2 protein chains.
Amino acid sequence: MAAPSSSSTCSGVMERCIRERVPPLLTDLYQFTMAYAYWRAGRHDEHAVFDLFFRDNPFGGGFSLFAGVHDCLLFLRSFRFADEDVEFLRSVMPPDTDPAFFQFLRCLDCSGVTLHSVPEGTVVFARVPLMEVAGPLAVVQLLETSLLCLVNYASLVCTNAARFRLAAGPKRKLLEMGLRRAQGPDGGLTASRYTHIGETLFHLSGFDLTSNVQAGFLFGIPVAGTMAHSYVTSFTSLEEVWPQTLSAVNGEHNPVDIISLTKGWLSRVCDLLGAEPGKIHEGELAAFLSYAIAYPQNFLPVIDSYSVGCSGILNFCAVALVLCELGYRPVGVRLDSGDLCKQSLDVHRVFRLCSEQFSIPAFDSLIIVGTNNISEESLAEVNSKENAISVVGVGTHLVTCTKQPSLGCVYKLVEVRGRPRMKVSEDPEKSTVPGRKAVYRLIDPEGHPFLDVVCLAVESPPEAGLPLSCYPLGCNHTALSVTPARVTCLRQEVFSKGQVTQPLCSTAETRAKVQRSLQTLHPRHKRLQKPDSYTVALSQKLHNMVKEIQKGSSNNTNFLLAN
Amino acid sequence: MAAPSSSSTCSGVMERCIRERVPPLLTDLYQFTMAYAYWRAGRHDEHAVFDLFFRDNPFGGGFSLFAGVHDCLLFLRSFRFADEDVEFLRSVMPPDTDPAFFQFLRCLDCSGVTLHSVPEGTVVFARVPLMEVAGPLAVVQLLETSLLCLVNYASLVCTNAARFRLAAGPKRKLLEMGLRRAQGPDGGLTASRYTHIGETLFHLSGFDLTSNVQAGFLFGIPVAGTMAHSYVTSFTSLEEVWPQTLSAVNGEHNPVDIISLTKGWLSRVCDLLGAEPGKIHEGELAAFLSYAIAYPQNFLPVIDSYSVGCSGILNFCAVALVLCELGYRPVGVRLDSGDLCKQSLDVHRVFRLCSEQFSIPAFDSLIIVGTNNISEESLAEVNSKENAISVVGVGTHLVTCTKQPSLGCVYKLVEVRGRPRMKVSEDPEKSTVPGRKAVYRLIDPEGHPFLDVVCLAVESPPEAGLPLSCYPLGCNHTALSVTPARVTCLRQEVFSKGQVTQPLCSTAETRAKVQRSLQTLHPRHKRLQKPDSYTVALSQKLHNMVKEIQKGSSNNTNFLLAN
């Protein structure tokens with residue numbers, strides 16, 4: 001059943017959770033070895049700036065959704081080493097490490113850190129710096145692994161959910177049910193949270209429901225679920241049904257003997273469909289009846305434990321007709337194997353027959369839930385073929401992102417002591433863009449974003465209606481002139497002086513943001529297969545700076561011979 | 001650097017952690033809706049038995065490693081609903097749910113549950129029931145999702161680690177460094193833990209080291225790591241090096257001016273290699289020097305920030321030669337891009353030249369660490385090609401299990417009130433094997449396991465030296481007669497009456513178990529590509545029971561017409 005959950009977002013619980021989920025030692029050792037080397041050289045307090053970005057959209061797609069910002073903020077706010085953390089570090093660092101360094105660690109926090117970030121749930125593209133982390137060199141270096149870990153999977157699974165929604169089309173409800181196959185308990189919880197956020201076009205949510213109760217508890221996501229096959233197979237005979245009576249919904253009459261009532265309906269259904277009563281599983285009927293007695297208003301059994309056509313659908317109809325007779329509204333059925341589209345049409349036909357034959361209009365609004373190892377491709381197939389499935393449950397492929405189970409966000413140094421830094425790699429794809437930046441999204445007259453331009457932070461922003469010369473990345477340095485109808489600043493300051501400087505959004509607000517952000521994206525970038533790639537460009541000034549540094553790097557001062 | 005970690009396994013911490021990682025609401029809603037229906041029908045205390053198993057070995061392989069048992073035990077021991085859990089459930093269950101049910105939930109625990117399990121770290125095969133969970137129907141149903149979530153990923157990533165070790169061959173050390181790309185923080189931690197356990201043949205560990213400090217803290221895994229490219233690019237000139245002196249290891253002489261010493265060595269290295277000093281990056285040299293001053297005994301820089309051949313290797317040699325002159329032992333270098341095998345040979349050649357030219361034998365034992373998006377395939381390639389890499393760092397492909405990011409363990413009802421239960425599916429692959437069972441592993445005269453036989457729990461075990469008739473699964477019901485040289489019982493009781501009944505193994509003990517278990521497995525089942533499949537069979541009696549139930553199911557009592 002689907003039930004609305006508590007609306008509380010339990011922000012306090014999440015704040016407590018973050019230290020347990022992401023303790024400050026949950027990072028790579030080299031962050032500490034580097035921090036010590038900086039400290040030893042007296043460079044730990046030098047002001048440094050890192051950019052966080054990824055190099056390719058996941059799943060061969062044309063866009064991504066950026067998520068995990070909220071957790072990053074909670075992490076920054078709580079970042080502090082306890083005595084036991086420092087003692088452990090002392091045990092793994094070389095014995096001649098200066099003890100004063102551990103004193104230094106004990107006193108560290110993020111009060112000197114400033115974070116600029118694209119807001120949670122924004123549509124983003126490869127190579128755009130999504131976060132800028134500025135502060136004391138040793139501290140911002142120490143934050144790398146945790147920030148990457150928090151945004152990589154959240155953004156990946158959120159993007160995956162948006163793709164599943166696009167594949168499903170706007171009409172069907174989607175239920176996330178991947179916890180048991182997730183990469184660990186927290187993976188399952190994170191998946192429930194961010195697939196719910198991964199929302200798209202048409203004012204319809206990404207994933208409407210989750211089976212994960214804890215996700216309902218923590219994030220207010222509506223939870224749903226009815227029964228497993230084990231429930232059905234646990235029954236063998238009608239003798240196990242108890243109580244064997246049920247009152248009508250209005251309570252007017254005495255409780256009726258539900259067993260004989262059901263047998264009567266089952267016999268009529270068999271006659272109507274020309275079914276062989278001998279093939280019907282009594283245990284399945286007992287399970288359905290028992291469930292209907294417990295949930296007369298939420299009856300939605302799984303009907304493929306034995307045979308949908310020879311047993312499941314007949315038992316369902318019999319019990320549902322009893323419920324209707326007593327004034328209840330059965331909800332529908334779940335199919336969990338075989339050709340879901342074909343079966344759903346068969347089942348729907350039976351519903352229509354019953355509705356007509358027995359004059360039970362409630363049978364016209366019964367729903368069919370389909371669950372069976374659904375992937376993006378099979379969901380797209382469901383969307384393209386005739387069927388009567390109104391809710392699709394998705395597990396493994398959604399939460400583990402089978403098509404590409406990781407997003408490659410990286411964290412690169414771009415400035416130290418006000419001077420730009422650049423990794424001039426032999427592999428041009430791995431070169432970085434130096435300096436402090438601002439990122440602007442250019443919007444065309446139809447309201448579609450068409451280009452993100454990365455500028456130096458000190459430049460004045462592009463202006464609406466004025467032509468702008470820029471250099472698309474990965475395009476052989478050819479300049480491009482564009483005139484935006486509107487310009488928005490993509491990033492904002494979200495953390496400064498140890499404080500979160502923007503209100504933390506609720507799950508519902510973030511979903512609304514995702515929806516707005518995806519709604520304005522042109523369909524050509526949203527195509528699941530072979531989308532048009534979105535242009536990301538450098539401003540003229542930033543482009544010039546990159547060229548100068550590259551030139552300087554190849555004409556390296558000959559310090560060896562100069563001294 | 002690699003440093004031994006604290007030997008404490010922090011079992012108390014892990015016990016506290018489990019309630020935070022796996023709270024009792026972290027499950028599917030349908031577990032609660034089913035529990036209520038059982039309770040409503042008065043069936044909640046009926047004695048029920050579930051089997052946990054998977055249907056296919058992951059990665060197209062011939063074996064799996066079973067892991068996560070330890071966490072399951074801690075979970076069972078701590079399984080209890082708090083008031084706030086029950087209050088949340090009340091808000092999501094239908095309003096007419098009997099309030100006494102929530103009272104019932106509040107008092108639930110696992111004191112009536114018995115768990116038989118294959119021990120943590122055992123080599124296992126598809127279709128073997130790995131865990132048997134017995135107890136009150138409502139309780140053992142409620143445990144399903146959490147138990148699956150805890151064993152699925154742990155077993156998957158442990159198996160993946162064993163495959164990476166097999167691909168790497170026995171000689172190379174393996175470093176796990178996947179945290180930043182893991183599916184959430186807990187995914188990263190779980191990966192570090194179980195990849196370390198995923199141990200194999202030749203008395204060599206699966207993954208010897210991890211970069212994950214928290215994994216070192218919690219599980220005693222040795223941690224390693226030195227520097228990122230950002231450390232190198234944060235330096236631009238030798239002026240940033242501080243202090244600019246270093247004492248010899250024996251402290252006999254006054255600190256020496258390390259800058260001029262290094263320049264001298266760099267000049268000699270350039271002469272030796274015929275390198276152009278003008279192409280050397282001063283910032284990189286400054287970074288190396290600075291690091292060497294902080295870690296004179298642990299010098300292992302990443303040398304590909306600019307150009308390995310034109311800058312990185314020259315700077316490394318100069319600084320390492322200074323360290324040798326002062327009596328220290330540099331450790332080696334890390335390569336993180338390009339053709340690792342080819343580069344490692346080039347680097348090794350330079351080491352040999354320096355060793356000969358400058359009579360520095362320490363240069364013969366320098367190590368080369370390779371890291372660059374390593375997969376099982378690229379690792380196998382490294383193993384097959386000539387190279388000088390002695391440590392390989394593996395991240396994304398290992399922890400996210402790119403080849404197959406989920407394991408499909410399922411949890412099926414096999415007995416209620418002492419009567420066997422079976423799902424007789426239209427898809428024979430999805431049928432279950434009913435009843436309480438015992439599982440025996442048959443060993444051949446060479447000590448290799450060759451067949452797992454699943455028997456009824458009440459049968460007497462197969463005996464060494466006596467022929468046994470059994471029915472291999474998936475083989476069209478053809479009987480097979482085998483004579484084991486030795487027989488072991490695969491599962492043991494690990495939890496009963498609310499207590500863990502076997503000592504919880506330390507990480508080191510579990511690794512030793514994995515090693516023994518994999519060592520005895522015949523190479524033909526361990527082949528990474530197209531392994532021979534291992535035989536899993538039913539005993540004669542169990543086979544007969546399955547046939548009878550199938551027959552009974554197709555001749556279903558015609559209850560509809562009988563009454």
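Residues numbered from 1 in each chain as written. Chains lettered and ligands numbered in written order. Predicted model: local features only at pLDDT ≥ 70, side-chain atom pairs only at ≥ 80, totals over all residues. Heavy atoms only, no water.

The next subject is the interface of chain B and chain A. At the junction of the two partners, chain B supplies 126 residues and chain A supplies 126 residues. Run the count over chain B and chain A and you get eight salt bridges. The partner of Arg180(A) in a salt bridge is Glu144(B), with the nearest N and O atoms 3.1 Å apart. Viewed at the interface, chain A and chain B are joined by 38 residue pairs in polar contact (both at pLDDT 80 or more). Its residues placed into classes, the side of chain B that touches chain A shows 64 nonpolar, 41 polar and 21 charged. (Contact = heavy atoms within 4.5 Å. Salt bridge = Lys/Arg side-chain N within 4 Å of Asp/Glu carboxyl O. Polar contact = N/O pair within 3.5 Å; in protein donor to acceptor, adjacent residues only side chain to side chain. Nonpolar A, V, L, I, M, F, W, Y, C, P; charged D, E, K, R; others polar.)

Now for the domain arrangement of chain A. Once the domains are mapped, chain A shows domain 1 (2-159 + 405-559) and domain 2 (226-399). Domain 1 of chain A and domain 2 of chain A are separated by 50 Å when their C-alpha centres are compared. (Domains from an automatic or database assignment.)

Right, let's get into helix α7 (residues 144-168) of chain A. Residues and elements named next belong to chain A. Along its 25 residues, α7 runs 36 Å from first to last C-alpha, staying within 8% of the 36 Å computed at 1.5 Å per residue. Counting buried residues in α7 gives 24 out of 25 residues, a clear majority hidden from the surface. Phi turns positive, to about 80°, at Gly169, one or two residues after α7. (Helix = DSSP H or I, 4+ residues; strand = E, 2+ residues; numbered from the N terminus. Expected span 1.5 Å × (residues − 1). Buried < 20%, exposed > 50% of the residue type's maximum accessible area, 1.4 Å probe, protein only.)

Both copies of the chain are tied together by a single rotation about an axis and a shift running along it. Superposing chain B onto chain A takes a rotation of 180° combined with a translation of 0.0 Å along the rotation axis, leaving an RMSD of 0.1 Å. When the rotation and shift are considered jointly, the pair of chain copies conforms to a two-fold rotation axis. The overlap is high: 98% of the interface residues of chain B also sit at the interface in chain A, so the same surface is used on both sides. (Least-squares fit on C-alpha atoms with pLDDT ≥ 70 in both.)

As a general feature of sheets, a regular strand has side chains that alternate between the two faces. All names here are of chain B. Neither face of strand β14 (residues 391-394) is left uncovered, since the one carrying Val391 and Gly393 and the one carrying Val392 and Val394 both have all their residues buried. Where strand β7 (residues 173-176) lies against β14, four bridges are found, and the strand directions are parallel. Looking across to β14, one finds that Leu175 is bridged to Gly393. Note: strand β13 (residues 367-371) against β14, three bridges, orientation parallel. Residue pairing in the sheet places Gly370 in a bridge with Val392 of β14. Assessed by its sense of winding, the connection that carries the chain from β13 through helix α15 (residues 376-384) to β14 is right-handed. (Pairing = 2+ DSSP bridges. Right-handed = clockwise from strand over helix to strand, strands pointing away.)

All names here are of chain B. Reading across the sheet, the seven strands line up as β16-β15-β2-β6-β4-β22-β23 and stay open at both edges, with antiparallel pairing between neighbours. Looking along the sheet, the strands with just one partner apiece sit at the ends: β16 (419-420) and β23 (499-500). Looking at chain direction, strand β15 (residues 410-416) and β16 are connected through two bridges and run antiparallel. The residue of β16 that forms the bridge with Val416 is Arg419.

A pair of packed helices is characterised by two quantities: the angle between their axes and the separation of those axes. All names here are of chain B. Between helix α3 (residues 69-78) and helix α7 (residues 144-168), the shortest axis-to-axis distance is 9 Å and the interhelical angle comes to 155°. The pairing of α3 with α7 is recorded here as roughly antiparallel in orientation. Once α3 is placed against α7, the crossing between them reads as right-handed. Together, Asp71, Cys72, Phe75 and Leu76 of α3 and Ser146, Leu147, Leu150 and Val151 of α7 make up the contact between the two elements. Looking at side-chain class alone, the contact of α3 with α7 contains six nonpolar, one polar and one charged residues. (Axes fitted to C-alpha atoms, helices over the stretch in contact; angles between N-to-C directions. Parallel < 35°, antiparallel > 145°, perpendicular 65-115°, else oblique. Left-handed = near helix turned anticlockwise from the far one by under 90°.)

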